[in-house]
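Descriptive structure summary
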Amino acid sequence: MTIGQPLYPRAAVQQLDRAASARHGATGLMQRAAHAAWILLRRRWPSARRLCVLCGPGNNGGDGYLLAALARAQGCEVDVVVLDEEAPRSEAARAARAEWGGAVSPAQDAADRLAQADVAIDALFGIGLARALDGVAADLVAAVNAAGCPVLALDVPSGLDADTGATPGAAVRAELTVEFILPKRGLRTGRGPALCGALHLDGLGLDSAERGRAASAARLLLPSDIGRWLQPRPRDAHKGQNGHVLCIGGDHGTGGALALCLRAALRSGAGYASAATRAEHVPALIALQPEAMARAVGEGGDLSPLLERADVLALGPGLGKGDWGRALYARALAAGLPLVVDADALNLLAEAPQALRDAVLTPHPGEAARLLGCDTAAIQADRLAAAAELAARYASAVILKGSGSVIAAPGREPCIVGAGNPGMAVGGMGDLLTGIVAGLRGQGLEAFDAACCAALLHAAAADLAAAAGERGLLPGDVLDPLRRLANP
Ligand SMILES: NC(=O)C1=CN([C@@H]2O[C@H](COP(=O)(O)OP(=O)(O)OC[C@H]3O[C@@H](n4cnc5c(N)ncnc54)[C@H](O)[C@@H]3O)[C@@H](O)[C@H]2O)[C@@H](O)CC1
Ligand SMILES: [K+]
């Protein structure tokens, strides 16, 4: 089944742009873009009187000139600052500059002009960005980011790669972004969400048949999708149908990680959850969560009586990389059960890479880098490509965590989670995700579906929990909203 909203690569949007321009006229589309931006600007900043529009050399700049002309006609005072004073490259953008017709200021005056503005409009670069912004363009970006007034970005915050969500050079930080024609991947993962601010899509009047010809390259998962995977339970359900999750980890001093994993498995609906851990954690785990079972595992890592009853293994939270952790890791991998691999289990996998059977990996960018033998920056430079590479190399479903988590698996269209918040940047949050994936696998979801649904539940539950504040959000706060969302 196909779940989520399609997201498009830049090349598909450019192709559609060209076809649509031939039909509607490039200037016509640019006018629609400017109009859409103007309506949004007015709604968001109704009392703004003075605008500063920064225009680049391409059609994104063209959108900016037309918005400037529109705002002037509506009584605003408008300054236009240009990246370079030469005529724009395309005919449509030249016509847009002629339509503005007023004075333009050179880039070195940007700071002065921005200081007067109630709102800045970023029309420097859109999807035509071809390389890192540097030189005068980077100076302009620095000026707009330092200006202190809110920024409205047209189509894409300049400097953000609309495909990858990376910023190879300087990039504008907007408060609001109006994206044109089709939703793009890079605005929703990596640096995209932070730089776009609120995101608003305007289709520029192209009908769905016209837009539907473009081929998507990823899907965006939203909280409203949860019900596609999780239906109400049959009235005659019994606990044996909902899976037995065995959580493996919790070396000396790190029993808490395993406890969070265990609780998340139960709150996401597992029929049973057990812990295989160090002896000293057993009484605390049972006291904390009397519904769970906990067994001490000695140095040899013998899991055999526990494995017999388990349907799925959650391997890694608090596991450590000592002899005890290594022994447990080896036994768990040899068990042939559906697996969720996290934390130190990922680091052990990185030491001796192998293709897994029926597994979900949940790396953060640092763990992903170790698994691929590169550095974290290389992962973040193209998160979708990194997730696909991990999925192929380890023959697994993968959740690459971070802003706009990416889910990939061999042969599946990748997904991006359209939920989550910076309150999730706290120790233990990943242990919850591991438990949720395992809980859903126990309830019958296959690896990729469980990965998608779990990543979405986790982020959406954290958003509900963050209503009381992002700073100070704790993994334990996410458990109650998790239960609510797991019953759509
Ligand atoms: N039919 C269309 O094509 C439409 C396009 N629209 C707007 O046009 C944008 C795309 O326009 P373009 O394809 O002209 O691209 P852009 O306006 O994004 O920028 C392309 C220009 O910037 C230069 N450039 C790229 N990277 C650079 C860098 N790092 N440093 C310096 N210069 C660099 C390129 O050589 C080119 O001249 C969209 O994002 C959207 O805002 C909208 O008006 C809607 C309709
Ligand atoms: K822009």
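So, how was this worked out
- Residues numbered from 1 in each chain as written.
- Chains lettered and ligands numbered in written order.
- Predicted model: local features only at pLDDT ≥ 70, side-chain atom pairs only at ≥ 80, totals over all residues.
- Heavy atoms only, no water.
- Buried < 20%, exposed > 50% of the residue type's maximum accessible area, 1.4 Å probe, protein only.
- Helix = DSSP H or I, 4+ residues; strand = E, 2+ residues; numbered from the N terminus.
- Pairing = 2+ DSSP bridges.
- Right-handed = clockwise from strand over helix to strand, strands pointing away.
- Donors = N, O, S within 2.8 Å, 3.2 Å for Na, K, Ca; no water.
- Tetrahedral: all angles 85-135°; square planar, octahedral: opposite > 155°, others 65-115°.
- UniProt positions renumbered as here; feature names shortened; annotations may be inferred.
- Contact = heavy atoms within 4.5 Å.
- Salt bridge = Lys/Arg side-chain N within 4 Å of Asp/Glu carboxyl O.
- Axes fitted to C-alpha atoms, helices over the stretch in contact; angles between N-to-C directions.
- Left-handed = near helix turned anticlockwise from the far one by under 90°.
- Nonpolar A, V, L, I, M, F, W, Y, C, P; charged D, E, K, R; others polar.

The buried count for strand 3 (residues 77-82) comes to five of six residues, which makes it a mostly enclosed element. Note: strand 2 (residues 50-55) against strand 3, six bridges, orientation parallel. If you follow leucine 51 over to strand 3, its bridge partner there is valine 78. In this fold, the crossover linking strand 2 to strand 3 by way of helix 3 (residues 59-73) has right-handed handedness. Running through helix 4 (residues 91-100), the crossover from strand 3 to the neighbouring parallel element strand 4 (residues 105-106) is right-handed.

Quick look at the coordination of the potassium ion (ligand 2) now. Only Asn60 (OD1), Asp122 (O), Phe125 (O), Leu154 (O), Val156 (O) and Ser158 (OG) from the protein reach the potassium ion (ligand 2) as donors, at distances of 2.6 to 3.1 Å. For the potassium ion (ligand 2), the six donor atoms are set out with angles of 64 to 170° between them, so the coordination reads as irregular. One chain supplies every donor to the potassium ion (ligand 2), and in sequence these donors are spaced N-x61-D-x2-F-x28-L-x1-V-x1-S. Separated by 65 residues along the polypeptide, asparagine 60 in helix 3 and phenylalanine 125 in the loop between strand 5 (119-123) and helix 6 (135-146) bring together distant segments of the chain. In terms of burial, asparagine 60 and phenylalanine 125 fall into one category: buried.

This paragraph deals with the UniProt feature "binding site: AMP" (unreviewed entry) in the chain. Within the UniProt annotation, "binding site: AMP" (unreviewed entry) is assigned to Lys401, Gly402, Ser403, Gly404, Ser405 and Gly430. In summary, the annotated positions, though distributed over 30 residues, converge in three dimensions, the widest C-alpha pair being only 14.4 Å. Here glycine 404 is to be found in the loop between strand 16 (397-400) and strand 17 (406-408). For glycine 404, a relative accessible area of 8% translates into the label buried. With residues near it in sequence (within four places) discarded, glycine 404 still touches Arg188, Thr189, Arg383, Ile416 and Val417. Examined against the element boundaries, glycine 430 turns out to sit in helix 18 (residues 429-442). Ignoring anything within four residues of it in the chain, the contact list for glycine 430 reads Asp342 and Lys401.

Applying the stated criterion to the full structure yields 21 salt bridges. For glutamate 446, the salt bridge is made with arginine 412, and the minimal N-O distance between the two is 3.2 Å. With glutamate 446 in the loop between helix 18 and helix 19 (447-465) and arginine 412 in the loop between strand 17 and strand 18 (415-417), this pair connects stretches of sequence that are 34 residues apart. Look at glutamate 446 and you get partly exposed, because its relative accessible area is 33%. Arginine 412 gets classed as partly exposed once you look at its relative accessible area, which sits at 32%.

This next bit is on the pairing of strand 6 (residues 151-154). Burial along strand 6 is two-sided: the residues Val151 and Ala153 and Leu152 and Leu154 are all buried. The β-α-β motif built from strand 5, the intervening helix 6 and the parallel element strand 6 has right-handed crossover chirality. Across three bridges, the pairing between strand 6 and strand 7 (residues 176-180) is parallel. Paired with leucine 152 across the strands is leucine 176, a residue of strand 7.

Where helix 10 (residues 255-267) meets helix 18, the axes come as close as 7 Å, and the angle between the chain directions of the two elements is 35°. Crossing angle aside, the handedness with which helix 10 passes helix 18 is right-handed. When helix 10 is examined against helix 18, the residues Ala257, Leu260, Cys261, Ala264 and Ala265 are found in contact with a partner set consisting of Asp431, Leu432, Thr434, Gly435, Ile436 and Gly439. Counted by class, the contact of helix 10 with helix 18 contains seven nonpolar, three polar and one charged residues.

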